[in-house]
Amino acid sequence: MRIAVFYATREGQTARIAEHIAHELQTSNVQVDVFDVKDMGRPVDWASYHAACVAASVHLGRHEPEMITFVKQNRPELERLSAMFLSVSLSEAGAEDPAAPPERRQKAAADVAGLIETFVKETGWRSHHVLPVAGALTYSRYNFIIRFVMKRIARANGAPTDTSRDYELTDWTTLDRFVRDRLLLTVAS
Ligand SMILES: Cc1cc2nc3c(=O)[nH]c(=O)nc-3n(C[C@H](O)[C@H](O)[C@H](O)COP(=O)(O)O)c2cc1C
């Protein structure tokens, strides 16, 4: 069994998520190839895969443009493999935050749904298996202006605002469940 994991990232969290998925699959004796769609390096041998997973982060209300291009170019193959889509964002962290008031969580969940719908419109691809994933606040990687803006966004959304450190908000347990209950089941069936 062989699975392809495609990702697009700006600050690195989605790359970590892709590598984590690959590691979990490999421990279950599944062969995995991980591709950064910004720098493919090698052609994709689509016929060799039994399943695929696509992961992209969100910046300024859109998923990474290189992932939009990749999906548009490879939509038939992704549909044939019933590829799964992981949408990585800060909004999802807000939707999952147990300390947030219900209305703020609902607003964040609606934002996530809107981001995914925009991606569907832009690519023409609607995955049957979509998993929104909370990303990270990597203050150390932002320039002065971005750090300032992200701190304000974080404050408005109840996210951490101490810019002297980074915050990984990804729920790895949910991700492992996704690998076990979705990806592994797909290749087993
Ligand atoms: C400049 C900037 C803009 C962002 N815009 C959004 C946004 O519009 N919606 C959102 O939910 N998250 C937004 N985020 C949060 C990112 O989606 C989050 O940090 C994610 O983990 C980034 O993933 P990456 O490290 O794989 O690029 C933004 C982050 C930055 C730095």
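Residues numbered from 1 in each chain as written. Predicted model: local features only at pLDDT ≥ 70, side-chain atom pairs only at ≥ 80, totals over all residues.

1. Side note on the overall build of the chain
Right, on to step 1. The secondary structure content of the chain amounts to six helices and eight strands.
Right, on to step 2. Written out in order from the N terminus, the α and β elements of the chain read β-α-β-β-β-α-β-α-α-β-β-α-β-α.
Right, on to step 3. Its C-alpha atoms give the chain a radius of gyration of 17 Å, within 12% of the compact-globule value 16 Å for 189 residues.
Right, on to step 4. Seen along its three principal axes, the alpha-carbon backbone of the chain occupies a region of about 45 × 30 × 30 Å.
Right, on to step 5. Residues counted as buried form 33% of the 189 residues belonging to the chain.
Right, on to step 6. Taking all contacts inside the chain whose residues are at least 6 apart in sequence as the whole, residues at least 24 apart take part in 77%. (Helix = DSSP H or I, 4+ residues; strand = E, 2+ residues; numbered from the N terminus. Rg over C-alpha atoms; globule rule 2.2 N^0.38 Å. Buried ≥ 20, exposed ≤ 12 C-beta atoms within 10 Å, placed from the backbone. Contact = placed C-beta atoms within 7 Å.)

2. Some words on helix H1 (residues 13-27)
Right, on to step 1. For H1, spanning 15 residues, the distance from its first C-alpha to its last is 21 Å, which sits close to the expected 21 Å at 1.5 Å a residue.
Right, on to step 2. Along H1, the positions that sit buried rather than exposed are Gln-13, Thr-14, Ile-17, Ala-18, Ile-21, Ala-22 and Leu-25.
Right, on to step 3. Phi turns positive one or two residues past the end of H1, at Asn-29, with a value near 65°. (Expected span 1.5 Å × (residues − 1).)

3. Quick notes on the nonpolar core
Right, on to step 1. In terms of nonpolar packing, the biggest core is built from 41 residues, with Ile-3, Val-5, Ala-52, Cys-53, Val-54, Ala-55 and Leu-86 touching the most fellow members.
Right, on to step 2. At seven residues, strand E3 (residues 51-59) tops the list of elements feeding residues into this core.
Right, on to step 3. Contacts of Ile-3, omitting those with residues within four sequence positions, involve Leu-25, Val-30, Val-32, Tyr-49, His-50, Ala-51, Ala-52, Cys-53, Leu-183 and Val-187. (Core = buried A, V, L, I, M, F, W, Y, C linked by C-beta atoms within 7 Å.)

4. Re the pairing of strand E2 (residues 31-36)
Strand residues, when the strand is regular, have side chains that alternate between the two faces of the sheet.
Right, on to step 1. Judged from the six bridges that link them, strand E1 (residues 2-8) and E2 form a sheet pairing that is parallel. Within E2, the position partnered with Ile-3 by the bridge is Val-32. (Pairing = 2+ DSSP bridges.)

5. Side note on the environment of Thr-9
Right, on to step 1. One can find Thr-9 in the loop between E1 and H1.
Right, on to step 2. Judged by the 22 C-beta atoms lying within 10 Å of it, Thr-9 falls in the buried class.
Right, on to step 3. Separated by 102 residues in sequence, Thr-9 and Asp-111 have C-alpha atoms that sit 20 Å apart.
Right, on to step 4. Ignoring any residue separated from it by four or fewer positions in sequence, one finds Thr-9 in contact with Thr-14, Ala-15 and Ser-57.

6. What to know about the site of the ligand
Right, on to step 1. Around the ligand, a shell composed of 21 residues is seen, among which Glu-11, Thr-14, Ser-57, Ser-89 and Gly-135 lie nearest.
Right, on to step 2. Among the secondary structure elements, those contributing two or more residues to the shell around the ligand are H1, E3, strand E5 (84-89), helix H3 (90-96), strand E7 (136-137) and helix H5 (144-156).
Right, on to step 3. With three residues, the top contributor of residues to the shell around the ligand is E3. (Near = placed C-beta within 6 Å.)

7. Quick look at the confidence of the model for the chain
Atom-level detail of predicted coordinates should not be read off regions where pLDDT is low.
Right, on to step 1. With 100% of its residues at a pLDDT of 70 or more, the chain has an overall mean of 95.
Right, on to step 2. Per-element mean pLDDT across the chain ranges from 89 in helix H6 (residues 172-188) up to 98 in strand E4 (residues 62-63). (pLDDT = per-residue confidence, 0-100.)

8. Structural notes on the packing of H1 against H6
Right, on to step 1. For the pair H1 and H6, the least separation of the axes is 10 Å and the interaxial angle reads 50°. By the angle between their axes, H1 is oblique relative to H6. The handedness of the crossing between H1 and H6 comes out as right-handed. Here Ile-17, His-20, Ile-21, Glu-24 and Leu-25 of H1 come into contact with H6, specifically with Trp-172, Leu-175, Asp-176, Val-179 and Leu-183. (Axes fitted to C-alpha atoms, helices over the stretch in contact; angles between N-to-C directions. Parallel < 35°, antiparallel > 145°, perpendicular 65-115°, else oblique. Left-handed = near helix turned anticlockwise from the far one by under 90°.)

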